[in-house]
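Notes for the structure review
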Amino acid sequence: MRFRSHASVMAVCEFCRTGVVKDPAAVRELGKVAEVLEDYSPIQLGTSGTWGQRGFTVVGRLQLRYDAGMWNEWHILFDDGSSGWLADASGQYTVTTARDTPASLPAFETLRPGQEYQIGTERYTAADVRTAECVGGQGELPFIVGAGWQARVADLRQGTAFVTLDYSDGAAPQLYGGKAATLEGLKCQLLRDDDTILQTAGRYRGKLAALSCPSCGNAIQYLPGLTASLVCKACRAQLDAASPQAQVLQAGEKVKAVRTTLELGAEGKLGNQKITVIGVMRRMDDEGSTWTEYLLYGARGGFTWLEETDDGWFKSQVMDDWPRWQGEKAQLGSVRFEQQYDYRATVTFAAGAFNWRVQVGDATRIVEFERNGVHLAAELTAHELTWSKSTPVAHDQVQAWFDPKAKAKKAAPRTKGGNAPDRTYRDVAVMFIIGMLLINAIPLVFGFRATYLYTVLGSAAVYLPARFLDWLNERR
C-alpha cells in the first residue's frame, strides 16, 4: 500500500477492506473496515479540483451515519502537502481545513441549533449538532477509525462561511474552517459519470440485486444511496436502505391512497437537466391547512423541492448563503425580509425516497420571511437548522417541465390565492399587444406606412422582455 499524504495515519485497502495503520516502526493491521454504500455523489477517490489557488486530490473517504440519514467526508490532499475535508451532504458541499483552536469554545452539550456562539472574533449560528457513527471508509485518513467509531461534531454558519467543531477525541475540540462550495466552483475533474452513478447508487459494491420491499414485495424503483430512508408506496412500510438488504424499520399503516398532481417517478426536464420525482410528502400546519412537497433529483443538479399550495406552486432549494436572523427580520446581503408566519409543520403522508429519514408524525418548526414574492424559510428541529429560498412558479410552467407537449396545449386556468389565474409573462404581453393593436386600429388602416414601424417596435419592446423573463423562470 502507498501513502500519498504524510498526514495520513491509516488507509483502507480497496481490494480486501483491511485497515492499515502507519507508524514510525511498522505498518500494523487494524482488521476489516466496512465498505461504503455507493450513493449519488459524483465524487470518488482520485477526483481533483481547485480550492482558491490550491489544487487538491481526493485521497480518502469517511461515511458517517446518524439517526436520520448519512453523509460523506472526503479527505483531500492539497498540492502543497497539507490536507483538508470536502463534506458532501445531499448534494451540498463545504471545504474546510484545520484552524488554530481558540482558548474558549462552547461545550458540545451546550450547543443548540439556531443559537449564536462566539468562535474566535466572529459570531456563528449553530446549524447542525449531532453524534454520528462511521459506517464505512476508503483510501487514506488522517486518524484511526474502526468499527463503532463515533464523531461528535457541530457545524456553524455565517453567510457562506462555515466552521466545524470536532469533539470526537474526548479532549479539546478541533476547529475547522472554510466555506460552502459547488463542484463547478471547485473545477472538479475525474467525477463519476451519470451512468456509473445510476448503476451503483444504493448498492454495496458487487451486490447488484434488485431492491424489493421486504414487507410486501413491491419493487422500489428510486433509491438515493446517500439516504437511509424509503417509504414503500404500496404498503407504507418505512425501510432502512443503508445495508445490503433493505430492512423494515416500522410497519406501514393502511391509509387511503393520496392523489397528487405529480406522480412518484414522474420524469421531466428543468433547463437542460433531467429530473425525477423521487419523493412525495404532504404536510399540515397548526390550523389544518395542507400542502404537498415533491422531492426532485437530477444527476448533476442535485435535489430541488417543488411545493404545491393553495397559493400556487413554488420552487425551493436549500441555501448555502445563510441570512442573518434578527427577531422578526432576516437579512440576506443588503435585502431585509419580514417575518410572515411561525408554525409547526407535521408530516401526514410520505412515499418514495428522501435525503433524510422521514415518517408520518414528524414535526418541524418553520419560520417564514417574505419580500417581493420571494420567501425564506427557517426549518428548526432539536438537531438541525436549515434555510431554504423559494420563488413562485406558474402552473403552466410546472406542466411544461413534466410534459414537453404542454406548450402546445391550452391548460385549464389554475387560480392562485382563489382569485386571478396563473399566467406566464408572455401571456400578459400578448394580451397587452392585442389591446394596443385594437386601440391603434384606425391609424394602422389609414396611415399604415407611418405607424407600422412604431407598432412593430412597441410590440417587440413588450414581448421580448416577457419571453426573457419566462426563460429565466424555466432555468430556475
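Residues numbered from 1 in each chain as written. Predicted model: local features only at pLDDT ≥ 70, side-chain atom pairs only at ≥ 80, totals over all residues. Heavy atoms only, no water.

Right, let's talk about unusual backbone geometry for a bit. Of all residues except glycine, most have a negative phi; of all peptide bonds, most are trans. Positive phi outside glycine occurs at K187, with the angle close to 55°. Assignment of secondary structure puts K187 in the loop between β13 (174–181) and α1 (194–200). Overall, K187 belongs to the exposed group, its relative accessible area being 60%. Notably, L190 is not glycine yet its phi reads approximately 60°, a positive angle. The topology assignment puts L190 in the loop between β13 and α1. Taking relative accessible area as the criterion, L190 reaches 59% and is therefore assigned exposed. (Helix = DSSP H or I, 4+ residues; strand = E, 2+ residues; numbered from the N terminus. Buried < 20%, exposed > 50% of the residue type's maximum accessible area, 1.4 Å probe, protein only.)

Scanning the model with the defined rule gives eleven salt bridges in all. R123 is paired through a salt bridge with E116; the nearest N and O atoms lie 3.3 Å apart. Overall, R123 belongs to the partly exposed group, its relative accessible area being 38%. Using a relative accessible area of 27% as the deciding quantity, one classes E116 as partly exposed. With a shortest N-O distance of 2.8 Å, R365 and D342 are connected by a salt bridge. Note that R365 is positioned in strand β25 (residues 363–371) and D342 in strand β24 (residues 335–354), a separation of 23 residues in sequence. (Salt bridge = Lys/Arg side-chain N within 4 Å of Asp/Glu carboxyl O.)

So, about the confidence of the model for the chain. Of the residues in the chain, 71% reach a pLDDT of 70 or more, and the chain-wide mean stands at 79. For residues 24–32, every residue scores under 50 in pLDDT, and the model assigns this stretch 20 contacts once sequence neighbours within four places are set aside. Across residues 244–255, where pLDDT falls below 50, the model places 28 contacts with residues more than four positions away in sequence or in other chains. (pLDDT = per-residue confidence, 0-100. Contact = heavy atoms within 4.5 Å.)

The subject of this paragraph is the pairing of strand β5 (residues 54–66). Burial analysis of β5 places eleven of its 13 residues in the buried class, which makes it a mostly covered element. Taken together, the four bridges between strand β4 (residues 48–51) and β5 define a ladder with antiparallel strand orientation. Bridging across to β5, S48 finds its partner in T57. Hairpin remark: β4 followed by β5, antiparallel, with two residues in the connecting loop; positive phi at G52, about 70°. Relative to strand β6 (residues 69–78), β5 is paired through ten bridges, and the arrangement is antiparallel. Counterpart to R65 in the pairing with β6 is M70. What sits between β5 and β6 in their antiparallel hairpin is a turn of two residues. Across six bridges, the pairing between β5 and strand β10 (residues 122–141) is antiparallel. Across the sheet, the residue bridging to G60 is G139, located in β10. (Pairing = 2+ DSSP bridges.)

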